[in-house]
Amino acid sequence: MTKVVLISGSLRAASVNSAALRAARRIIGRTRPAASVVSLPIGRLPFYNGDMEGTGATPAVAAARALVAGADALMISTPCYNGAVPGVLKNALDWLSRPDGASPLTGRVAAVLSASPGGRGGIDAQPALFDLLDSCEAITVEHPPVAIRWAHQRLDAAGEMTEGEAVRALRELVDATFEAVAIMEEQRRSVREQERELHARVREESAPVGEASRQPVREEAGRPVADGAGPVRAPRGPVRAAHGTVPPAAPQRAADAPSRASVTSSRS
Ligand SMILES: Cc1cc2nc3c(=O)[nH]c(=O)nc-3n(C[C@H](O)[C@H](O)[C@H](O)COP(=O)(O)O)c2cc1C
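Under an unreviewed UniProt entry, the name given to the protein is NAD(P)H-dependent oxidoreductase, and the organism recorded is Streptomyces telluris.

A.B. asks: Got a minute to help me understand the overall build of the protein in this structure?
C.D. replies: In terms of helices and strands, the protein carries five helices and nine strands. Helices (α) and strands (β) of the protein occur, in sequence order from the N terminus, as β-α-β-α-β-α-β-α-β-β-α-β-β-β. By the burial criterion, 36% of the 268 residues in the protein qualify as buried.

A.B. asks: Could you clarify how one ought to interpret the site of the ligand in this entry?
C.D. replies: By nearness alone, 15 residues border the ligand, and Ser10, Ser15, Asn17, Pro79 and Ser116 come closest of all. Broken down by class, the residue content of the shell around the ligand amounts to five nonpolar, eight polar and two charged.

A.B. asks: How should I be thinking about the nonpolar core in this particular structure?
C.D. replies: Taken as a class, soluble globular proteins show a tendency for nonpolar side chains to be buried jointly. Counting 60 residues, the largest nonpolar core has Ala20 and Ala110 as the members making the most contacts within it. Of all the elements, helix α5 (residues 164–206) adds the most residues to this core, at 11 residues.

A.B. asks: Whenever I open this one, the packing of helix α1 (residues 16–31) against α5 confuses me. Can you help?
C.D. replies: Packed helix pairs are specified by the crossing angle of their axes together with the interaxial distance, meaning the distance between the axes. One way to put it is that α1 packs onto α5 with a least axis distance of 9 Å and a crossing angle of 65°. Handedness of the crossing formed by α1 with α5: right-handed. Between α1, through Ala20, Ala23, Ala24, Ile27 and Ile28, and α5, the contact on the second element is made entirely by Ala166, Val167, Leu170, Arg171 and Val174.

A.B. asks: Which parts of the structure should I look at to understand the pairing of strand β5 (residues 139–142)?
C.D. replies: Each regular strand shows side chains that alternate between the opposite faces of the sheet. Alternating positions in β5 separate into two faces, Ile139 and Val141 on one and Thr140 and Glu142 on the other, with burial throughout. Handedness of the crossover joining strand β4 (residues 109–115) and β5 through helix α4 (residues 126–135) is recorded here as right-handed.

A.B. asks: What am I meant to see in α4 here?
C.D. replies: Since the α-helix turns once every 3.6 residues, residues separated by three or four places project in the same direction. When we look at burial in α4, the residues that qualify are Gln126, Pro127, Leu129, Phe130, Leu132 and Leu133. Buried residues along α4 sit in contact with β3 (73–78), α3 (87–96), β4, β5 and β6 (147–148). Residue Glu137 follows α4 closely and has a positive phi angle near 60°.

A.B. asks: So what exactly am I meant to see when it comes to the pairing of strand β1 (residues 3–8) here?
C.D. replies: Along β1, five of the six residues are buried, which leaves the element largely enclosed by surrounding structure. Here four bridges tie β1 to strand β2 (residues 36–39), and the two strands are oriented parallel to one another. Residue pairing for β2: Val4 is matched across the bridge by Val37. Following the chain from β1 across α1 to the adjacent parallel β2, one finds a crossover that is right-handed. Pairing analysis gives five bridges linking β1 to β3, with the strands arranged parallel. What sits directly across from Leu6, in β3, is Met75.

A.B. asks: For this particular structure, what's the right way to read unusual backbone geometry?
C.D. replies: Most peptide bonds take the trans form, and the phi angle of most residues other than glycine is negative. In the segment running from Arg98 into Pro99, the intervening peptide bond is cis, with an omega of -10°. Inspection of the secondary structure assignment puts Pro99 in the loop between α3 and β4.

A.B. asks: How should the environment of Val146 be read in this particular structure?
C.D. replies: For Val146, the position within the fold is in the loop between β5 and β6. The exposure class assigned to Val146 is buried, which follows from the 28 C-beta atoms found within 10 Å. Sequence separation between Val146 and Ala169 is 23 residues; the distance between their C-alpha atoms is 6.5 Å.

A.B. asks: Just checking my understanding: could you explain the environment of Glu179 for this structure?
C.D. replies: By the secondary structure assignment, Glu179 is in helix α5. Taking the C-alpha atoms as reference points, Glu179 and Val141, 38 residues apart in sequence, are found 9.1 Å from one another.

Conventions and cut-offs
- Residues numbered from 1 in each chain as written.
- Predicted model: local features only at pLDDT ≥ 70, side-chain atom pairs only at ≥ 80, totals over all residues.
- Helix = DSSP H or I, 4+ residues; strand = E, 2+ residues; numbered from the N terminus.
- Buried ≥ 20, exposed ≤ 12 C-beta atoms within 10 Å, placed from the backbone.
- Near = placed C-beta within 6 Å.
- Nonpolar A, V, L, I, M, F, W, Y, C, P; charged D, E, K, R; others polar.
- Core = buried A, V, L, I, M, F, W, Y, C linked by C-beta atoms within 7 Å.
- Axes fitted to C-alpha atoms, helices over the stretch in contact; angles between N-to-C directions.
- Left-handed = near helix turned anticlockwise from the far one by under 90°.
- Contact = placed C-beta atoms within 7 Å.
- Right-handed = clockwise from strand over helix to strand, strands pointing away.
- Pairing = 2+ DSSP bridges.

Shown next, in the form of structure tokens:
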């Protein structure tokens, strides 16, 4: 079962970013009924304080870390505050980036979107969010930016984001996110398979049979590596979900990608 964790960068009850994520949750519920979707309430996290690390005095942080560690994908919707992500979201990501070397964000698939009542849809906050996720070694989903402008006009009387164009953009992002999860699962399965094969070769070649038939096996970082082959590693960096490939390309920035008419805006 695919597990998705939703993170809204706004604490406002009437937040358009939270509304966008609720719409994404409904889309997932309709299109992938077996998936589980949980929201991470970042407002419960204390301000980051290094003195609190490792003391066990932060149950909200421990719960947040466990939630993210158990997720197949994150969907993060951010408002734009003065051209960047709100402090409350940065604070949450700072907590999640710890402990050093064991961050639950590392290797986690993460999709980014933004929403705002303004004409830019909060897109100016997206590059900073991508940078944060990259520095935590999350696997960001490559997709044309979803920056929902005039978002308050896309809410129904109940405050839900039901307007067609916004829902279509969110559905495409949900599809790209699940595709990225599938690609990562396949990559990890393939890495595990290669490791099993290498270990089997090492066992076979260390058996006391015909010395002449032995192939040289070297080790890198304690792992057996077939001679002539590189070490087996899970991929890092962005995943382009659209065509089922994992390119070596540099992370796509929201501002670099083509914009979606009306729902999204670009920097131009
Ligand atoms: C401190 C602050 C700074 C803001 N800076 C920007 C900004 O730089 N660009 C922008 O488009 N909107 C800006 N806004 C407006 C937010 O986009 C707007 O409040 C938005 O609705 C917040 O998202 P929410 O509805 O999810 O809470 C700012 C709002 C606040 C409170």
